[in-house]
Amino acid sequence: MTMLLELSTSLGQVLQAKHWQLALAESCTGGMVAQAVTAIAGSSGWFDRGFVTYSNAAKTEMLGVPAALIVEFGAVSEPVAEAMALGALQYSQAHLSAAITGIAGPGGGSLHKPVGTVCFAWASRGDGDSGNTTVIETRHFEGDRTQVREQAASYLLAGLLKMANAL
């Protein structure tokens, strides 16, 4: 948890300096990233909202992820992660968003998507004529359910920090 708090603190400093807001869309981490972010005093100045969309229906209803996308690629996929991050931007006041969807285990994995597979997406709101910028990535983490979730949450925050610093 220390790593999550350190990353959240650094991210908050960057977002506050830019006067930006953050939105999160979490599935397999179940709000773990939002919890780490809101553990930082003053996070209300840069954290707009979090969406915990564990079920497929929640992804569709709360973030506008097309049901057909979930059927075609599966809930744990880069296209769904990207749609989640873009939905978090659309349904918030945020300048920056991130999404996470994965298989934390111990069950639920398959040959093509083993336990520990996590898909990420980071998005920034475009200004004026430029559209939103998105980055998507799939990673595999080792360990038990708790370890996979903690590693994935840290990776999501590290990606947010990288994107916030680059923009």
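First things first, this report covers the structure right here in the doc.

Parameters at a glance
- Residues numbered from 1 in each chain as written.
- Predicted model: local features only at pLDDT ≥ 70, side-chain atom pairs only at ≥ 80, totals over all residues.
- Heavy atoms only, no water.
- 1 Å grid on protein atoms, 1.4 Å probe; cavity = no way out; pocket = protein on both sides within 12 Å on 5 of 7 lines; lining within 4 Å.
- Points joined across faces, edges and corners; volume = space filled by probe spheres on them.
- Helix = DSSP H or I, 4+ residues; strand = E, 2+ residues; numbered from the N terminus.
- Nonpolar A, V, L, I, M, F, W, Y, C, P; charged D, E, K, R; others polar.
- Pairing = 2+ DSSP bridges.
- Right-handed = clockwise from strand over helix to strand, strands pointing away.
- Axes fitted to C-alpha atoms, helices over the stretch in contact; angles between N-to-C directions.
- Parallel < 35°, antiparallel > 145°, perpendicular 65-115°, else oblique.
- Left-handed = near helix turned anticlockwise from the far one by under 90°.
- Contact = heavy atoms within 4.5 Å.
- Phe/Tyr/Trp six-rings, centres within 6.5 Å; stacked < 30°, edge-to-face > 60°.
- Buried < 20%, exposed > 50% of the residue type's maximum accessible area, 1.4 Å probe, protein only.
- Lys NZ or Arg CZ within 6 Å of the ring centre and 35° of its normal.

1. Regarding the layout of surface pockets
Alright, step 1. Considering only enclosed or pocket space, the largest pocket measures out at about 190 Å³ in volume.
Alright, step 2. Forming the walls of the largest pocket are W122, V135, E137, Y155, A158, G159, K162, M163, A166 and L167.
Alright, step 3. Of all elements in the fold, only β5 (133-140) and α6 (145-166) reach the threshold of two or more residues within the lining of the largest pocket.
Alright, step 4. With six residues, α6 is the single largest residue contributor to the lining of the largest pocket.
Alright, step 5. Classifying every residue of the lining of the largest pocket gives seven nonpolar, one polar and two charged.
Alright, step 6. The calculated volume of the second largest pocket comes to roughly 160 Å³.
Alright, step 7. Contributing to the lining of the second largest pocket are 15 residues, with S27, C28, Y54, G102 and I103 lying nearest its centre.
Alright, step 8. By residue class, the composition of the lining of the second largest pocket is six nonpolar, seven polar and two charged.

2. Concerning the pairing of strand β2 (residues 47-52)
As a general feature of sheets, a regular strand has side chains that alternate between the two faces.
Alright, step 1. Both strand β1 (residues 22-26) and β2 contribute to a ladder of five bridges, which runs parallel. Bridge pairing links E26 to V52 in β2.
Alright, step 2. For the handedness criterion, the β-α-β arrangement of β1, helix α2 (residues 32-38) and β2 is classed as right-handed.

3. As for the packing of helix α1 (residues 2-18) against α6
Alright, step 1. With their axes 9 Å apart at the nearest point, α1 and α6 run at an angle of 25° to one another. Overall, the two elements α1 and α6 adopt an arrangement that is roughly parallel. Regarding α1 and α6, the two cross each other, and that crossing is left-handed. For the pair α1 and α6, contact is made by M3, L4, L7, S8, S10, L11, V14, L15 and K18 and by E150, A153, S154, L157, A158, L160, L161, A164 and N165, respectively.
Alright, step 2. Taken together, the residues that form the contact of α1 with α6 break down as twelve nonpolar, four polar and two charged.

4. Here's the deal with the packing of aromatic side chains
Alright, step 1. Applying the stated criterion across every chain yields a total of five aromatic pairs.
Alright, step 2. With 5.6 Å between their ring centres and 5° between their planes, F120 and W122 make a pair best called stacked. For the pair F120 and W122, a shared accessibility class is recorded, and that class is buried.
Alright, step 3. Ring geometry for F141 versus Y155: centroids 6.1 Å apart, planes at 65°, classification edge-to-face. With F141 in the loop between β5 and α6 and Y155 in helix α6, this residue pair connects regions lying 14 residues apart in the sequence.
Alright, step 4. Of the residues examined, Y155 reaches a relative accessible area of 22% and is grouped as partly exposed.
Alright, step 5. A cation over a ring is seen here: K18 above W20, with NZ or CZ 5.0 Å from the ring centre.

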